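Commentary on secondary and tertiary structure
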Amino acid sequence: MNRRIISFILILMIFASTPYRIYADDKLNIQAKSAILMDFNTGEVLYGKNSHKKVPPASISKIMTLLLGMEALESGKIKLTDNVRISSHAAGMGGSQLWLEEGETQTVENLFKAITIRSANDASVALAEHIAGSEELFVKMMNDKAKELGMKNTNFTNATGLPDDNQYVSAYDVALMSAELLKYDEIHRWLTIYMDEILVGIKKDKVQSLVNTNRLVKDYDGTTGIKTGSTSKAGYCLAASAKRGNLELIAVIMGAETSKIRFDETIKLLDYGFANYDSITIGKRGDILGKVPVHKGNISHVEAVLDRDSIILISKGDKANISKEIVLPDFLEGPIEKGQEIGRLIVRVDGHEADTIRLVSRTKVDKANFKEMLKKTIKSLLISK
């Protein structure tokens, strides 16, 4: 089948250049065992220090717990209004906790709040048990998801991040699961709360104050999350995200010597990113980029739309040429499913392929019946005369 190719070039009058040419160097002098700065939209790594080294995760593990929680919410497996009975296992967690009592109930929404704001171990286990039936089964889900995301230097042994010699992550892997979590709009509501409170106990007669362990929520402009962690072995850790304009960044610090250092170094990474990079939106999911004739279909044409957003990371300072190539077939044969791939959008920056996005059918096209085919034939004959 022949294909149509529509190409055009955007000459950016702003100053920009391709991101793969410029990365932060050692002059940043990040004080941590490992670190990374990643662009949320493209996954481009803008800075890395021992970013694939296996290190203890501490409560950074809870990012995966939250991610699986959001997946369960989206699928309808759990609801925010579900009442979760707190088991003796969950109530017996040490470390940071909400002091939940065995036998009391808490809503799923309160468990999310307690995990995101206070980093509560008991709430994490309670949510894990509600989703999977046991923490052990939930841990298997965590590791399966890690493999799915390409987290090659990660192994989870619990839902909390409590110390275990066989539990580890890498800064890069933390950035990957952080990016996946940030795709869920609902999670931002809890990640950005600075203070709240929850009634706990069987009689709900105790008030537990929640203060976000991530002080960047209050102190750094544009912060959207995500999670702190600390143990004697892991040191002080932080996965942070921030958005300014179109640019959204993820910074991860693992193994800092003090809490102050982890926040200072995270700010250093984010400041570097916002000072040197920007994002340009090429197209949004659902944008119509063309029409394709349909043979033997109940409609004559189908619209090709972007399957996802296309956002290009650029660096501030130099001009760059962005070209867009729309690849579509000359025609399609019915039937066609809604969302079926029918073409591609290829985006190039200074001649280098930067992104390829599927173009999909905006609507379903059924195969034309005999009556519809006869109508089309007669209409075509009349037009041709």
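Above this text sits the structure in question.
An account of the accompanying structure is given in this report. Keep in mind the model is a prediction, meaning the values are calculated, not measured. (Residues numbered from 1 in each chain as written. Predicted model: local features only at pLDDT ≥ 70, side-chain atom pairs only at ≥ 80, totals over all residues. Heavy atoms only, no water.)

On to helix 1 (residues 62-75), then. The end-to-end C-alpha distance of helix 1 is 20 Å, a good match for the 20 Å that 14 residues give at a rise of 1.5 Å each. Taken across its 14 residues, helix 1 has eleven buried, putting it largely inside the fold. (Helix = DSSP H or I, 4+ residues; strand = E, 2+ residues; numbered from the N terminus. Expected span 1.5 Å × (residues − 1). Buried < 20%, exposed > 50% of the residue type's maximum accessible area, 1.4 Å probe, protein only.)

A cis amide bond links Gly 225 to the next residue, Ile 226, at an omega of 20 degrees. Here Ile 226 lies in strand 8 (residues 223-231). The peptide bond linking Gly 334 to Pro 335 adopts the cis configuration, its omega dihedral lying at 5 degrees. Positive phi, close to 50 degrees, is recorded for Asn 29, a residue that is not glycine. In this fold, Asn 29 is placed in the loop between strand 1 (3-11) and strand 2 (34-39). Classification of Asn 29 as partly exposed rests on a relative accessible area of 48%. One non-glycine residue, Asp 350, lies in the positive phi region at around 50 degrees. Relative to the helices and strands, Asp 350 is located in the loop between strand 17 (341-349) and strand 18 (352-361).

We now examine the sheet that holds strand 2. The strand order across the open sheet built from five strands is 3-2-10-9-8, with neighbouring strands paired in antiparallel fashion. Of all the strands in the sheet, just strand 3 (45-49) and strand 8 have a single pairing partner and so form its edges. In this sheet, adjacent strand axes meet at a mean angle of 5 degrees when their direction is disregarded. Of the strand pairs in this sheet, strand 2 and strand 3 are connected by four bridges, and their pairing is antiparallel. Among the inter-strand pairings, Ala 35 is bridged to a residue of strand 3, identified as Lys 49. Strands strand 2, strand 3, strand 8, strand 9 (235-244) and strand 10 (247-256) of the sheet are contacted by helix 9 (residues 259-276), whose axis makes an angle of about 150 degrees with strand 10. (Pairing = 2+ DSSP bridges. Axes fitted to C-alpha atoms, helices over the stretch in contact; angles between N-to-C directions. Contact = heavy atoms within 4.5 Å.)

Here the focus is helix 5 (residues 135-148). Given a rise of 1.5 Å per residue, 14 residues ought to cover 20 Å, and the 20 Å separating the end C-alpha atoms of helix 5 matches this to within 8%. Among all positions in helix 5, only Glu 135, Phe 138, Val 139, Met 142, Asn 143, Lys 145 and Ala 146 are buried. For helix 5, the angular spread of buried residues about the axis comes to 160 degrees, placing them on one side. Exposed side of helix 5, more than 90 degrees from the buried face: Glu 136, Lys 147 and Glu 148 are the residues found there. Residues of helix 5 that are buried in the fold lie against helix 1, helix 2 (88-91) and helix 4 (121-132). (Arc of directions from axis to C-beta.)

On to the pattern of salt bridges. Counted under the stated rule, the structure contains 24 salt bridges. Asp 196 is the salt-bridge partner of Lys 113, the closest N and O atoms lying 3.3 Å from each other. Of the two residues, Lys 113 sits in helix 3 (residues 108-118) while Asp 196 sits in strand 6 (residues 195-200), which places them 83 residues apart along the sequence. Looking at Lys 113, the relative accessible area reads 16%, which means it is buried. (Salt bridge = Lys/Arg side-chain N within 4 Å of Asp/Glu carboxyl O.)

Looking now at the side chain of Glu 104. One can find Glu 104 in the loop between helix 2 and strand 5 (105-107). Looking at Glu 104, its side chain comes within polar contact range of the main-chain nitrogen of Glu 101, at 2.6 Å. When near neighbours in sequence (up to four residues on either side) are disregarded, Glu 104 contacts Val 84, Arg 85, Ile 86, Trp 99, Val 200, Gly 201, Ile 202 and Lys 204. (Polar contact = N/O pair within 3.5 Å; in protein donor to acceptor, adjacent residues only side chain to side chain.)

The geometry of helix 1 relative to helix 6 (residues 171-182) is characterised by a closest axis approach of 9 Å and an angle of 30 degrees between their N-to-C directions. By the angle between their directions, the pair helix 1 and helix 6 is classed as roughly parallel. Helix 1 and helix 6 meet at a crossing whose hand is left-handed. Only Val 174, Met 177, Ser 178, Glu 180 and Leu 181 of helix 6 make contact with helix 1, whose side of the interface consists of Ile 63, Met 64, Leu 66, Leu 67 and Met 70. Partitioned by chemical class, the residues of the contact of helix 1 with helix 6 number eight nonpolar, one polar and one charged. (Parallel < 35°, antiparallel > 145°, perpendicular 65-115°, else oblique. Left-handed = near helix turned anticlockwise from the far one by under 90°. Nonpolar A, V, L, I, M, F, W, Y, C, P; charged D, E, K, R; others polar.)

Let us now look at the environment of Ser 310. Topologically, Ser 310 is positioned in strand 14 (residues 310-315). Of the residues examined, Ser 310 reaches a relative accessible area of 0% and is grouped as buried. As a C-alpha pair, Ser 310 and Thr 281 span 29 residues in sequence and 6.1 Å in three-dimensional space. Among residues more than four places away in sequence, those in contact with Ser 310 are Ile 280, Thr 281, Ile 282, Gly 283, Val 347, Asp 355 and Ile 357. There is a polar contact of 3.1 Å between the side chain of Ser 310 and the side chain of Asp 355.

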